[in-house]
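One letter stands for each residue in the lines below.
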Amino acid sequence: MSTIPLVFTEEVREALHEGRPVVALESNVITHGLKYPHNAETAHRVEAAVRKGGSVPATICVEDGAIRVGMTERDIERFASAPGIPKVSSRDLPIVLAGGGRGATTVASSLVAAELAGIPFFSSAGLGGVHRGAETTMDVSSDLIQLTRSKVAVVCAGAKMILDLKLTMEYLETQCVPVVSYGSDDFPAFYCASSGVKSPHRIDDEDLIARSVALHWAAGHPGSFVVTTPPRAEDAVDSAEAEAAIADALAQAERDGVTGQGLTKYLMHAVDRATGGRTAQANMAVLISTAEVGGRMAAAYARQLTDRS
């Protein structure tokens, strides 16, 4: 039977061996976000934020037929400066691995990789979700499906405002994926502090959240545990302003005939133009602030394991 090759950086390998907290990070933000060198700078700042939170960062990518768990500074520079590196979701992962190519991991594929590597925490700015109009298109992000399959806790700023966030929350409830909001009563919307949807639980105690994660898995649940944290007030974009920009962008997308996989990128760029670039700046800021919270949550979980042993 084939096994998935995992290549660890020395730092990540040692941290896992010693039981120190590690936070997995996606590499998609390096290759499909900002232009070089700003993408590399942001990736380094995200890793620094995880360290500030008390954990070791493990940015994940695919290269030479293996999942690389942890990227060195040189690796980040290579991926940030190389054009055409494909985005690899969980469905693409075995094909790219078999072909020996390179790929940048998404939320879904990072969850697969993190579980294989024995990393219980993953941080991302925002999840994919149920798209607007999904009742006719059936357009649901693979992120949500993977949350039901991977035993990894996810720290994020909710999901993107361009999605149908009420249906996204309904999906998570139906699939028995716990959602806990840290520092907020509401489910956040990426760079907006609130989606307008109340979170099922609010817990502001990191150790209590860590115990909740441990008990979720102890009860036999195979999937993820979602912890949301809103953007900082100084970084957040006004929800009403963002919603108005999204409505205009959706109308323009329909006129331009943009559908399917290209719609999300189209809408994100359109909203960024409508807000004078503020959503892109907020996107960077929330990547960093969420990573720091992820570092703190992973550290709290590691303390739980130490206390139980």
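Since the model is a prediction, treat every value here as computed from it, not as a measurement.

Peer 1: Please clarify how the packing of aromatic side chains should be interpreted in this entry.
Peer 2: Each aromatic ring pair is specified by the distance between its two centres and by the angle formed by the two planes. Within this structure, the stated rule accounts for three aromatic pairs. With 5.3 Å between their ring centres and 50 degrees between their planes, Phe190 and Tyr191 make a pair best called tilted. For the residue pair Phe190 and Tyr191, the accessibility class agrees, reading buried in each case. Aromatic pair Trp217 and Tyr301: ring centres 5.9 Å apart, planes at 85 degrees, arrangement edge-to-face. With a gap of 84 residues between them, Trp217 in helix α10 (residues 206-218) and Tyr301 in helix α13 (residues 278-308) connect regions that are remote in the sequence.

Peer 1: I would appreciate a short explanation of the pattern of salt bridges in the present structure.
Peer 2: Taken as a whole and assessed by the stated rule, the structure comprises 17 salt bridges. Salt-bridge contacts for Asp64 lead to Arg68; the nearest nitrogen and oxygen are separated by 3.8 Å. Assessed through its relative accessible area of 58%, Asp64 is described here as exposed. A relative accessible area of 22% places Arg68 in the partly exposed class. A salt bridge links Arg232 to Asp235; the nearest nitrogen and oxygen atoms lie 2.7 Å apart. A residue is classified by how much of its surface remains accessible, and Arg232, at 41% relative accessible area, is partly exposed. Note on Asp235: relative accessible area 16%, which makes it buried. If you follow the salt bridges from partner to partner, you end up with Glu63, Asp64, Arg68, Asp75 and Arg78 in one network.

Peer 1: Would you mind going over the environment of Glu135 with me for this structure?
Peer 2: Here Glu135 shows up in helix α7 (residues 134-137). Take Glu135: its relative accessible area is 61%, and that puts it in the exposed class. Considering only alpha carbons, one finds Glu135 and Glu254, 119 residues apart in sequence, at a separation of 17 Å.

Peer 1: Could you clarify how one ought to interpret helix α11 (residues 239-256) in this entry?
Peer 2: Think of an α-helix as turning once every 3.6 residues; residues three or four places apart then point the same way. For α11, built from 18 residues, the straight-helix expectation of 26 Å at 1.5 Å per residue is met to within 8% by its first-to-last C-alpha distance of 25 Å. Regarding α11, the residues found buried are Ala242, Ala245, Ile246, Ala249 and Ala253. Down the axis of α11, the buried set is contained in an arc of 105 degrees. They therefore lie on one face. Facing away from the buried side of α11 by more than 90 degrees, the exposed set consists of Ala240, Asp248, Glu254 and Arg255. Each element contacted by the buried residues of α11 is listed here: β11 (192-198) and α12 (262-274). Looking at where α11 begins, the residue whose side-chain oxygen comes 3.2 Å from the main-chain nitrogen of Ala240 is Asp238.

About the cut-offs
- Residues numbered from 1 in each chain as written.
- Predicted model: local features only at pLDDT ≥ 70, side-chain atom pairs only at ≥ 80, totals over all residues.
- Heavy atoms only, no water.
- Phe/Tyr/Trp six-rings, centres within 6.5 Å; stacked < 30°, edge-to-face > 60°.
- Buried < 20%, exposed > 50% of the residue type's maximum accessible area, 1.4 Å probe, protein only.
- Helix = DSSP H or I, 4+ residues; strand = E, 2+ residues; numbered from the N terminus.
- Salt bridge = Lys/Arg side-chain N within 4 Å of Asp/Glu carboxyl O.
- Expected span 1.5 Å × (residues − 1).
- Arc of directions from axis to C-beta.
- Contact = heavy atoms within 4.5 Å.
- Polar contact = N/O pair within 3.5 Å; in protein donor to acceptor, adjacent residues only side chain to side chain.

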